[in-house]
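This is what each chain is made of:
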Amino acid sequence: MTRYLRSFKLAVLIIFTLVCLLSCGGGGRKNFVISESRSYEASLFRQNCAICHGPEADGKTLSDGTLVPGLRQGEFKYRSAGEIYRHISEGGNGMVPFRNQLTEREINMLVEFVQSDLRGGVR
Ligand code: HEC
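This report concerns the structure included in the present document.

The rules behind each value
Residues numbered from 1 in each chain as written. Predicted model: local features only at pLDDT ≥ 70, side-chain atom pairs only at ≥ 80, totals over all residues. Heavy atoms only, no water. Donors = N, O, S within 2.8 Å, 3.2 Å for Na, K, Ca; no water. Tetrahedral: all angles 85-135°; square planar, octahedral: opposite > 155°, others 65-115°. Helix = DSSP H or I, 4+ residues; strand = E, 2+ residues; numbered from the N terminus. Buried < 20%, exposed > 50% of the residue type's maximum accessible area, 1.4 Å probe, protein only. Salt bridge = Lys/Arg side-chain N within 4 Å of Asp/Glu carboxyl O. Contact = heavy atoms within 4.5 Å.

## Some words on the coordination of the iron atom of the ligand
Note on metal geometry: ideal angles are 109.5 degrees for four donors arranged tetrahedrally and 90 or 180 degrees for six donors arranged octahedrally. Protein ligation of the iron atom of the ligand involves His53 (NE2) and Met95 (SD), the donor distances falling in the range 2.0 Å. Coordination at the iron atom of the ligand comes from six donor atoms whose angles at the metal span 88 to 179 degrees, giving a geometry best classed as octahedral. Of this pair, His53 sits in helix H3 (residues 50–53) while Met95 sits in the loop between helix H4 (81–90) and helix H5 (104–118), and the two are 42 residues apart along the sequence. Under the relative-accessibility criterion, Met95 is labelled partly exposed at 21%.

## Some remarks on the pattern of salt bridges
Per the counting criterion, the structure on display carries three salt bridges. We note a salt bridge from Glu90 to Arg99, for which the minimum N-O separation is 3.0 Å. What makes Glu90 partly exposed here is its relative accessible area of 44%. Three or more residues are tied together by salt bridges with common partners; here these are Glu56, Asp58 and Arg72.

## A look at the environment of Met109
For Met109, the location among the structural elements is in helix H5. Between the alpha carbons of Met109 and Ala42 there is a distance of 9.5 Å; along the sequence they are 67 residues apart. Excluding anything up to four places from it in sequence, Met109 contacts Tyr40 and Glu41.

Written as structure tokens, this is what we have:
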């Protein structure tokens, strides 16, 4: 009985350690929460992009039926910084152009935001 209890305690300890490792470690930027970020680019996103891409960039269907893709995962259409820059600047396929609303510097910040914060460096 004591032996049984000891291995039970050990099992509980191991499970606890595993759960802790899974929830505390790793993950990192994948769990970037836009609504909680105080960064300038996150606020640019909230002001200009969330209306179509959703508050956490998970994508959305607009009232006119336009399917707006999520920016975090999936098959990315635009991968390189140049492609993403051009898409934000020129728009297209249902996305509005931002070249007259945002400065070059702000668009570059959003490119970095998409690539690092949202996509976690997957290019
Ligand atoms: C009017 C709605 C709308 C707004 C506002 C908008 N988008 Fe988009 N966005 C879209 C649509 C629709 C697409 C899909 C375009 C396509 O398929 O080529 C898209 C695509 C993208 C993509 C490419 C995703 C991929 O698969 O590679 C990026 C990156 C992006 N948007 C970033 C932004 C950023 C950053 C902002 C804010 C500055 C923004 N969008 C604002 C509608 C919008």
